[in-house]
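A closer look at the structure
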Amino acid sequence: MLGCVLLRLVATHRGLWIISGVIFISLLAIWILEWQNNWQQKGFSTKTELRQQHLLVQPDEYLIDGDLLKLTGKWLERNEEVQFFYSLKSQAEQRRFAKIETAKIFLFAGTVQRVAGPTNENQFDYRRFLQGKNISNTIMLSQLSSEKEVSLQDQGVFFLAWLHGIRKKLLNQLETLPQPLAGYSQLLLLGFYDQSFETQLKQISSLGLLYLFSLSGMHIFYLAAFFRWLCTQLAITRETCDTLLLLLLPLYAVLGGFSASLVRAVMMVWIILSARKFLGISVSGITAEGLVLILNLLLCPALVFSLGAQLSYLLTLILLLNRQQSQLLVGLKMTAYSLPLILWQTFQWNLLTVLLSIAIVPLFERIVIPAVVLGVFFSWLVPIAVPILQFFCDSFAFLAQLPTTITFGKPPLLFIVFWLIIQFLLEYSKHARWLLEILICSYVIAAALIRLPFTAEVVYFDIGQGDCTLIREPFNQSVTLVDTGGKVNFQHEQWRERRVKTTGETIVANYLLSKGISHVDNLFLTHQDTDHVGNFASLSKVIDVHRILVPQGMEQLASFRKRLRVSNNTLQQVQGVSTKVTSRIGMFHLLHPFASGTGKNEDSIALSFSLQRIKFVISGDLDKQGEVEVAQRNPKLRADVLKTGHHGSKTATASEYVSQLQPQLAIISAGVNNRYGHPNAATLATLAKQHIPFLNTANAGMIKLMPQEKGFIIQTFNENRKVK
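Because the structure is predicted, anything quoted here is derived from the model rather than measured.

Scanning the chain from terminus to terminus reveals 26 helices and 23 strands. When each of the 724 residues of the chain is scored for burial, the buried share is 51%. Partitioning the contacts of the chain with sequence separation of at least 6, the portion at a separation of at least 24 is 70%.

Quick look at the structure:
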């Protein structure tokens with residue numbers, strides 16, 4: 001049936017457009033592959049020390065997060081854009097960089113390396129993010145000094161620097177406005193995302209309304225209309241008004257931070273005005289958008305990977321194609337087209353999205369954007385604009401708390417393409433009912449494939465210097481986490497605090513959600529060390545945890561109860577365990593602790609379990625003495641896969657313990673270049689002596705084992721380093 005619909009469509013006058021689209025997509029794919037190859041060649045494959053180099057930074061490219069300074073600037077010696085990082089030495093230095101309002105050239109020293117890709121499946125891809133900015137290298141600065149301001153003598157950059165200086169001053173001015181006007185105005189008018197606005201963006205994202213800011217370029221049309229009205233009042237001719245707009249719009253693109261939606265809107269208006277003024281022809285909005293898309297892809301093909309750009313171009317096209325349709329139909333179409341892209345990136349969908357999409361676009365277009373623009377340009381309207389925007393924020397906050405979010409998972413790319421094709425066919429086909437049934441069935445099939453896997457898996461996350469292991473049975477009959485990972489933070493001054501997401505959110509929760517998992521049946525916290533339990537609280541706010549198991553005695557510790565209070569769990573969900581209390585917990589055989597303790601390494605939980613006849617042992621941070629005693633108490637204990645204790649430290653992995661278990665493979669979880677020297681040479685010697693191969697997350701990245709009837713399949717996810 002689908003083939004018949006395609007043939008009928010190609011046979012019509014739209015066939016030429018379809019063939020042209022296929023050719024364009026094919027050429028685009030070739031161009032992206034070539035661009036990526038060139039991008040890789042520009043990167044430094046190994047760390048390289050730099051001395052006496054120069055960096056040009058625009059005043060609006062400083063991002064300060066505690067004692068971390070992030071700079072996006074031009075490395076003058078190589079004439080390329082680079083992402084720079086610098087650790088601030090003092091609060092006075094932090095204040096000095098925050099006050100900069102002019103472009104400056106710095107002398108710097110540091111270490112340069114190509115942007116690394118993710119080391120866990122479905123982890124946020126920072127490399128892809130920087131590709132969208134044509135950045136291929138990052139530099140960790142060790143020295144940043146000898147600054148000088150850009151002057152008139154710096155030909156070619158002075159005017160641009162002046163515009164960036166104006167943008168920085170405008171950002172500072174908008175920051176003084178009351179919230180949420182400050183956050184909305186910075187984001188919509190100047191394309192700047194302030195961390196203080198993060199909560200509101202999370203709420204909007206959870207409602208499936210991210211595309212609102214992808215369409216934010218529509219305020220350009222309001223500004224252009226306002227400018228024309230002003231010119232009319234000043235008796236300026238339409239021709240002169242258009243000329244002024246052609247000059248001013250590119251300047252505003254710079255002031256707006258070159259966001260994808262803003263660049264699209266500015267270029268579309270510019271093309272339409274230019275065609276009318278210089279060529280005497282009328283260019284439609286769809287034609288203008290197509291030309292803008294081609295130009296942007298030629299300049300930066302990685303634009304196709306950006307969710308913001310995808311939604312901006314796709315949904316603007318839908319709006320242009322459906323100008324005469326009812327708002328109800330347009331809202332439904334906006335939801336249907338954005339859904340595949342949102343699922344691909346966020347893995348979740350809110351049931352309220354359909355209803356909100358029908359009403360929110362006209363409200364956003366007719367109330368929010370005008371309130372922002374009027375509140376910024378007319379100070380006497382601020383008392384009116386702020387309550388209006390606050391009402392929207394409160395509404396989003398209330399709706400985001402409702403239990404209407406569905407964790408769908410990450411669909412295969414084939415499904416994403418298929419859904420978008422079906423959506424376009426629905427626009428023109430006479431077989432809309434059949435296509436709609438096919439669309440609904442395909443969503444059900446995709447959800448089933450994601451949420452009901454046929455095979456079991458054990459996943460050892462690359463969580464840095466820490467531990468986190470996922471065990472899930474076929475069809476997700478049970479989902480268990482052993483530890484959550486966490487970063488050890490040392491005592492420091494308050495100004496050094498960084499507002500960053502934990503690896504529990506960006507790595508563990510991301511993976512679980514991508515697999516359609518919104519809850520964990522069992523969470524074993526093997527002991528109290530931060531590198532094993534530090535992410536517990538933040539993870540529990542994203543993933544529901546039904547039961548928490550800790551070594552008996554740890555549930556009484558003040559440090560654990562402090563973590564519990566800031567989590568989404570209660571003490572009633574916590575169970576202290578030891579072999580005196582129980583020997584089995586579901587599919588898990590409890591090997592240690594033998595008695596109540598205080599949650600230290602020597603009290604660590606150790607587990608054994610089987611999946612598809614493959615035997616696994618996880619040792620936590622149990623020391624050698626504890627391992628030997630486990631072996632003595634369980635003389636028949638064997639393991640096909642051993643998770644070595646204490647990250648491969650010399651204090652664990654006793655020779656007698658390994659000899660009895662006779663594993664086919666050892667797994668070590670350790671951070672890259674960690675300060676502790678894990679894994680220790682003594683541990684590696686123990687494994688080598690008994691001819692046991694091992695995988696280390698520091699080299700392999702995430703390690704996924706899928707048990708089979710005869711052995712297991714191994715997948716690793718670190719393309720940045722070779723697996724040893």
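A few words now on helix α11 (residues 260-279). Here α11 contains 20 residues, and its C-alpha end-to-end distance of 27 Å stays within 8% of the 28 Å for a straight helix at 1.5 Å per residue. Once α11 finishes, Gly280 follows within two positions and takes phi at roughly 70°, a positive value.

Here the focus is unusual backbone geometry. Of note, the bond from Gln179 into Pro180 is cis; its omega dihedral lies within 30 degrees of zero at 5°. With respect to the helices and strands, Pro180 occurs in the loop between α5 (158-175) and α6 (181-190). Cis geometry is found at the peptide bond from His592 to Pro593, where omega equals 10°. Within the secondary structure layout, Pro593 lies in the loop between β16 (588-592) and β17 (606-611). Backbone geometry at Phe475 places phi at a positive 60°, although glycine is not the residue there. Looking at where Phe475 falls in the secondary structure, it is placed in the loop between β10 (469-472) and β11 (479-482). If you check the backbone angles, Asn476 has positive phi at about 55° while not being a glycine.

Where α11 contacts helix α12 (residues 285-299), the two axes come as close as 9 Å, and the packing angle between them is 120°. Taken together, α11 and α12 sit at an angle that is classed as oblique. The crossing of α11 and α12 is right-handed. Taken together, the residues of α12 that come into contact with α11 (itself represented by Val263, Arg264, Met267, Met268, Ile271 and Ile272) are Gly285, Ala288, Glu289, Leu291, Val292, Leu295 and Asn296. Looking at the contact of α11 with α12 residue by residue, the class counts come to nine nonpolar, two polar and two charged.

Looking now at the side chain of Thr484. By the secondary structure assignment, Thr484 is in the loop between β11 and α19 (503-514). Residues contacting Thr484, with those up to four places away along its chain left out, are Ile463, Asp467, Cys468, Val508, Leu523, Leu525, His532, Val533, Gly534, Asn535, Phe536 and Leu539.

This part takes up the sheet that holds strand β23 (residues 711-716). Spatially, eight strands are ordered β14-β13-β12-β11-β10-β9-β22-β23 in an open sheet, and the strand pairing comes out mixed. The open sheet has two edge strands, β14 (574-577) and β23, and neither has a second partner. Here the strands of the sheet are splayed against their neighbours by 20° on average, with no regard to which way each runs. Bridging between strand β9 (residues 457-460) and β10 involves four bridges; their strand directions are antiparallel. Residue pairing in the sheet places Tyr460 in a bridge with Thr469 of β10.

Right, let's talk about helix α25 (residues 681-689) for a bit. The periodicity of an α-helix, 3.6 residues per turn, causes residues three or four positions apart to be oriented the same way. All of the buried residues along α25 are Thr683, Thr686 and Leu687. The buried side chains of α25 occupy one side of the element, clustering within an arc of 95° when seen end-on. Summarising the geometry of α25, the exposed residues directed more than 90 degrees from the buried face are Ala681 and Lys689. Buried-residue contacts for α25 involve α24 (655-661), β20 (665-668) and β21 (694-696). Here α25 starts with a cap whose side-chain oxygen sits 2.8 Å from the backbone nitrogen of Ala682, and that cap is Asn680.

Between α5 and α6, whose axes approach to 8 Å, the crossing angle comes to 155°. Compared by their axis directions, α5 and α6 come out roughly antiparallel. Within the contact between the two elements, α5 uses Arg167, Leu170, Leu171, Leu174 and Glu175 and α6 uses Ala182, Ser185, Gln186 and Leu190.

Predicted coordinates in regions of low pLDDT should not be interpreted in detail. In this model, the chain carries a mean pLDDT of 84, and residues with pLDDT of at least 70 account for 90%. Below pLDDT 50 for its whole length, residues 1-16 participates in 20 contacts with residues either more than four positions away or in separate chains.

In this section: the sheet that holds strand β15 (residues 584-585). Pairing is mixed across the open sheet formed by seven strands, whose spatial order is β15-β16-β17-β18-β19-β20-β21. Every interior strand has two partners, whereas the edge strands, β15 and β21, have only one. Note that β20 and β21 share three bridges and pair parallel. In the strand pairing of β21, Ile667 is matched with Leu695.

Basis of the calculations
- Residues numbered from 1 in each chain as written.
- Predicted model: local features only at pLDDT ≥ 70, side-chain atom pairs only at ≥ 80, totals over all residues.
- Heavy atoms only, no water.
- Helix = DSSP H or I, 4+ residues; strand = E, 2+ residues; numbered from the N terminus.
- Buried < 20%, exposed > 50% of the residue type's maximum accessible area, 1.4 Å probe, protein only.
- Contact = heavy atoms within 4.5 Å.
- Expected span 1.5 Å × (residues − 1).
- Axes fitted to C-alpha atoms, helices over the stretch in contact; angles between N-to-C directions.
- Parallel < 35°, antiparallel > 145°, perpendicular 65-115°, else oblique.
- Left-handed = near helix turned anticlockwise from the far one by under 90°.
- Nonpolar A, V, L, I, M, F, W, Y, C, P; charged D, E, K, R; others polar.
- Pairing = 2+ DSSP bridges.
- Arc of directions from axis to C-beta.
- Polar contact = N/O pair within 3.5 Å; in protein donor to acceptor, adjacent residues only side chain to side chain.
- pLDDT = per-residue confidence, 0-100.

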